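# A structural walkthrough
Letter by letter, the chains look like this.
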Amino acid sequence: MPEIAEIARAVHFLRIHLVGKRIASAEAIDDANVFGKVGTTGAAVAAALKGKKVVSAGTQGKYFWLTLEKPPHLVMHFGMTGWIHIKNDKTAYTNYFKKMEDSEYTVWPPKFWKFQITTDEKPAVEIAFTDPRRFGRVRLVDCPGEDIRQHSPLVENGPDPVVDKDRFTEEYLSGKMKSRHVPIKALLLDQTMISGIGNWVADETLYHAKMHPEQYCDDFSDTEIKKLYDTICYVCDLAVEKLGDSDQFPEHWLFNHRWGKGGKNSSSKLPNGEKLSFITVGGRTSCFAPAIQKKTGRVTANAKTEPLVKEESGDENVPPKKVRRSTGKTAEEESAHESALPEKGGKPTRKAAKSEEKSTTPAKGKRSKPASSETSNNKKVKVETVADDAGRRRSGRLRK
């Protein structure tokens, strides 16, 4: 997901190519997710942009906006895969958007575009907002341009460590940490506390601060809090200064070695020899160096350490898929369990049971009750079948 540095990069290009210019034409797809879930439509966005002069572009954490010569103004969030494309200019960079091929910069409009605009100058500037997975959000905010941060959604978010130096202070961070009782990684990811810190920035910060990601935020000393504040500023300032270009990040940064989780061409240790590991806390995966980031206080009880595993899909940025079942085991553990069951005699194997279930399937046109399985508490649950990314059919979740 684009974070504080990537947003700064997008806004940098908007200021160069769009601010101060008038939009001659605008077109938008009426996407019910990107526009509809924040109370607008593609048609309304296109109408708000067409013919307007762009006065400024701003950023707060993971949000950014365009202020027009008159309201409403455009406020955007990239979600997981959103981005701003400018025709004949590469706004992204290879190390972060590995799937962006050169064709996406030469073929116009780019794939997965949600809205596109053209300026009235010669030659015209053409810009498009794209989002393959449709988690991005584009909304209209009707207020004076200078008051845009006093309105939703920006007003609900915490200070930006780079643009809000007057608000994001050591005292502010200390107060938030001492008033909450959540893992420190969760606190850093909470956008109502601090704007712009996502998964990689949080991991980078905790690595430099030598803090374990699952330790509770209210269990750190004042000295440790000061260290964390300094490292947040260090990581965010430098990442934004380099406009998120990871080729310019220091070699010792965790960012350069964290991707792939054991996949092809990935690293399992830092240049100084420190081994990397992954831990899941509160549903989020964290990369950390156990020998450096030691626990100094209480930690959450539901964390799960994950091994470095080869990713079969070949995508270095996507961790291996896991299928959780009623037993609480991963797909790999279940596979090992299945192979240990007897093939002949005793109870039939899961595969045999599945085969038998298929053979007893009623003929077309006849109705039957859904298959069921008894759990330990004697409640019946429906067994579903899902396909994993490799195309194999496996038993999926057990739902009540």
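This report concerns the structure included in the present document. Source: prediction; values computed, not measured.

### What to know about unusual backbone geometry
Geometrically, the link from W108 to P109 is a cis peptide bond, its omega value of -5 degrees lying close to zero. Omega for the peptide link from S152 to P153 comes to 10 degrees, which places this bond in the cis form. As for its position among the elements, P153 is in the loop between β8 (137–141) and α4 (170–179). Phi at N88 is positive, roughly 70 degrees, even though this residue is not glycine. Structurally, N88 is set in the loop between β5 (83–86) and α3 (103–106). With a relative accessible area of 70%, N88 lands in the exposed category. The backbone of L243 sits at a positive phi, close to 55 degrees, despite the residue not being glycine.

### Digging into the pattern of salt bridges
Side chains that differ in charge, positive against negative, can pair when their charged atoms come close. Taken as a whole and assessed by the stated rule, the structure comprises 17 salt bridges. Taking the shortest distance from any N to any O, the salt bridge between D31 and R134 comes out at 2.9 Å. Placement of the pair is D31 in the loop between β1 (23–28) and α2 (42–49) and R134 in the loop between β7 (126–130) and β8, with a sequence separation of 103 residues. Three or more residues joined by partner-sharing salt bridges are found here, namely D31, K114 and R134.

### Some thoughts on a nonpolar patch on the surface
A grouping of M1, M80 and F135 is seen on the molecular surface, where their side chains present a nonpolar patch of about 260 Å² in accessible area. Inspection of the secondary structure puts M1 in the segment before α1 (4–17).

### Side note on the sheet that holds strand β4 (residues 73–77)
Reading across from one edge, β2-β3-β4-β8 is the order of the four strands in this open sheet, with antiparallel pairing throughout. Looking at the sheet topology across the chains shown, the edges are occupied by β2 (54–60) and β8. Within the sheet, the average angular offset between the axes of one strand and its neighbour, ignoring direction, is 20 degrees. Bridge count for strand β3 (residues 63–68) against β4 is four bridges, and the pairing is antiparallel. For W65, the partnering residue across the bridge sits in β4 and is V75. Sitting on the sheet, α1 is in contact with β2 and β3, with an inclination near 170 degrees to β2. Sheet contacts for α2: β3, β4 and β8; angle to β8, the most-contacted strand, approximately 55 degrees.

### Quick notes on the sheet that holds β7
Here four strands make up an open sheet; going across it, the order is β1-β6-β7-β5 and the pairing antiparallel. Two strands bound the open sheet, and with one partner strand each, they are β1 and β5. Here the strands of the sheet are splayed against their neighbours by 15 degrees on average, with no regard to which way each runs. Note that β1 and strand β6 (residues 113–119) share five bridges and pair antiparallel. Considered in β6, the bridge of S25 is made with T118. Strands β5 and β7 of the sheet are contacted by α1, whose axis makes an angle of about 30 degrees with β5. Across the face of the sheet, α2 comes into contact with β1 and β6 while running at roughly 175 degrees to β1.

Scoring rules and cut-offs
Residues numbered from 1 in each chain as written. Predicted model: local features only at pLDDT ≥ 70, side-chain atom pairs only at ≥ 80, totals over all residues. Heavy atoms only, no water. Helix = DSSP H or I, 4+ residues; strand = E, 2+ residues; numbered from the N terminus. Buried < 20%, exposed > 50% of the residue type's maximum accessible area, 1.4 Å probe, protein only. Salt bridge = Lys/Arg side-chain N within 4 Å of Asp/Glu carboxyl O. Patch = residues over 30% accessible without salt bridge, like charges linked within 9 Å, V, L, I, M, F, W, Y side chains within 5 Å. Areas by Shrake-Rupley, 256 points an atom, 1.4 Å probe, with all protein chains shown as cover. Pairing = 2+ DSSP bridges. Axes fitted to C-alpha atoms, helices over the stretch in contact; angles between N-to-C directions. Contact = heavy atoms within 4.5 Å.

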